[in-house]
Each structure stands twice: as structure tokens, then as C-alpha cells.
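Results of the structural survey
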Amino acid sequence: MVHTFGGPEALTIVDLPVPRPGAGEVLITTEAIGVGGLDALIRSGALAAYGSTAGRILGSEVAGTVAAVGDDVDAAWVGQRVWGFTGEHGGYAEHAIATAATLVPVPAGLSSVDAVTLGSSAMVAHFALRHAHFAPGESVLVRGAAGGIGVMAVQLAARDGAGAVAVTTSSAERGDRLRTLGATHVLDRLGQGDMDAPASYDVIIDIVAGADLPSFFTKLAPNGRMVAVGVMAGVPPADFATPMIAAFQKSMSFATFSADTISLPDRAAATTALFTAADHGDLKAVVHEVLPLDQAVLAHQKIEAGEVFGRIALTPPQS
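Conventions we followed
Residues numbered from 1 in each chain as written. Predicted model: local features only at pLDDT ≥ 70, side-chain atom pairs only at ≥ 80, totals over all residues. Heavy atoms only, no water. Patch = residues over 30% accessible without salt bridge, like charges linked within 9 Å, V, L, I, M, F, W, Y side chains within 5 Å. Areas by Shrake-Rupley, 256 points an atom, 1.4 Å probe, with all protein chains shown as cover. Salt bridge = Lys/Arg side-chain N within 4 Å of Asp/Glu carboxyl O. Helix = DSSP H or I, 4+ residues; strand = E, 2+ residues; numbered from the N terminus. Buried < 20%, exposed > 50% of the residue type's maximum accessible area, 1.4 Å probe, protein only. Contact = heavy atoms within 4.5 Å. Expected span 1.5 Å × (residues − 1).

Looking now at a nonpolar patch on the surface. On the surface, a nonpolar cluster with roughly 330 Å² of combined accessible area is contributed by Y50, V231 and V235. Along the chain, the position of Y50 falls in the loop between helix 1 (37-44) and strand 2 (61-69). Classification of Y50 by relative accessible area gives exposed; the value is 65%.

As C-alpha cells, this is what we get:
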């Protein structure tokens, strides 16, 4: 639980009663819990202005076995191994409440750790590319490609026929790992460092934002589209769109994307398809590390240190 906003040490272990599912909800006995950059932002208080409050258990996605269902939920879910979305809180727990409409059965060949590693990250990457109207043959740049959403955007763009997939990342070692996932060009954090990379891109998927976002408008091709799906480096400056307006004749576009604009049935359908693809070996769950639930502080320390490639998963004690 985060009692007060702060650094990783703000996370404390608490003992609470097992929650009861309400109408439209299920109780999941968790086997794996996803940890992401959004959790770190919430814990720090960076999203307090957007309605995020302290006094909550972190975690938005879990995988495990349905133990009970609330009113208006099919009892056939009980006993099934599923992935579920808990919202912005409630996931870092041995027992978590999820909305029944978000449930996705986990294929037998997919581990619960793989499910929470793919889960929201793969779904957001999928819809972000759709939001950008990405088409086969187009060039794609993924800014901040080593995180959970980034590694999935790279894989999906490559799988779906991108003409080139460039990435920005912090090291040559990470660049080499991204090449194994489908990247064709590796750039530094400022978008430089590969003389053979395209001069411009049809689509830029940006997970970073921050002060450097405006400089990436110069890397958009005519009719190019930039979609921001995260603000891991903070919000961009107030005049961030000035370079785009200055290049008015290039007809460039900028958009934000949040999965909140996608209906729960559409999210579940996309996640089901992505899990099937991973089960068939067409996508890879990139797991940085699996840690015990009581080491959530360490997980957040690793995120803040920039150590994580892909995602960290937490596992509760096994009874």
C-alpha cells in the first residue's frame, strides 16, 4: 500500500481482510502481478493532479484463478485461470478484485507471469498503432522502446509489416536486444546514432514525452503521425507543438492515446488475440525479473534506476 506519496520506500506491507467481489466483479487468487511505469508515477504523486490518491494498494493487472464472483457474473468463471484488470489500484495483493468484463482466459501454454507481462502493455501497443493508422510498409519509430509498451510496439510493428522499425534506447546492449524483437535501426535517446536509419518516419509511438518531445516532430514524414502513450519523462513543454506548426505544409499530426477510450469488450478481445499469438510463438513476453510480492519496493527501485527491460512481475507467497 502507498500511505503517502514518495519514493519506492513509500510502499509498505499491510494485512487486510480478503475482499469480496461486488456486482460485476470477481475475486482472483493471484499467481502473478504486473509492475509498470504507471505504478511508479502513481506512487510518486506525479499523477495526483489527475485524481490519483494515496492510501491505496498499487497494481492494475493480475493473473491467477477466479475464486469467487459477484452478482451478475457467470459462476462458470470460478476455477478458471485468467488475466484481469483491477483499475489503477488493488493488484499488489494475494487476492485482488477485477472487473468481470476485463477477464481474459490464459492459454495453457502461457504462464501467469507471461500474461501480466503482455497484458496491458501489448493491448496498449496494439491500439496505439491503430490510433496512428499504421499500415504495412510504413516506417515506425518507437521512442522509449525498452519498457513494457515499447517492446510490444516494436514486435507488433515488425509482425504487421513495417518497412522499418527504429527505436530509441539508452545503450547498445538494449539496442541489440530490441533487434532480436524486430527493430531494424537503433538510435540514442535523442534519435541519433544510426547513419542508415530513415531520415523520417510515418509513425512515431512515444512513451517518453518530456522536454525532448518537440525535437521529434522533425523526424515525422509528410502526413506523419505521432502518438503519445506515456509521459515517463514528464509532460512536454507548453509550446511543444511549435515545430509541427512551423512545418505546416507537411500535414503532420499529434495525438495522445489512452486505453480508457477503448471499450472493455474491445480490450478483452484484443488481449485474447494477443495471448493467442504469444501462445503460438508469434509474440514474446519480455520478462525482466520475477520478484516476490514483498519485494515490491525493490521492483520500484529498479524501475527508477532505469534498469528494467520489458517488465517486472511480482508473485505472492504460495500457500
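Moving on, we get to the environment of V308. Looking at the secondary structure, you find V308 in the loop between helix 7 (296-304) and strand 13 (311-315). In this structure V308 comes out as buried when scored by relative accessible area, which is 13%. Each C-alpha atom, one on V308 and one on G119, is 17 Å from the other, the two residues being 189 residues apart in sequence. Apart from residues no more than four positions distant in its own chain, V308 is found in contact with A146, R174, H288, K302 and I303.

What follows covers helix 3 (residues 148-159). If you check helix 3, its first and last C-alpha atoms are 17 Å apart, about what 12 residues at 1.5 Å a residue would give, namely 16 Å. Taken across its 12 residues, helix 3 has 10 buried, putting it largely inside the fold. All buried positions along helix 3 are accounted for by G148, I149, G150, V151, M152, A153, V154, Q155, L156 and A157. Looking at the buried residues of helix 3, the elements they touch are helix 2 (112-131), strand 6 (139-143), strand 7 (164-168), helix 4 (172-180), helix 6 (264-279) and strand 13. Directly beyond the C-terminal end of helix 3, a positive phi value near 95° is found at G161.

These results come straight from atomic positions and should not be treated as a statement about function.
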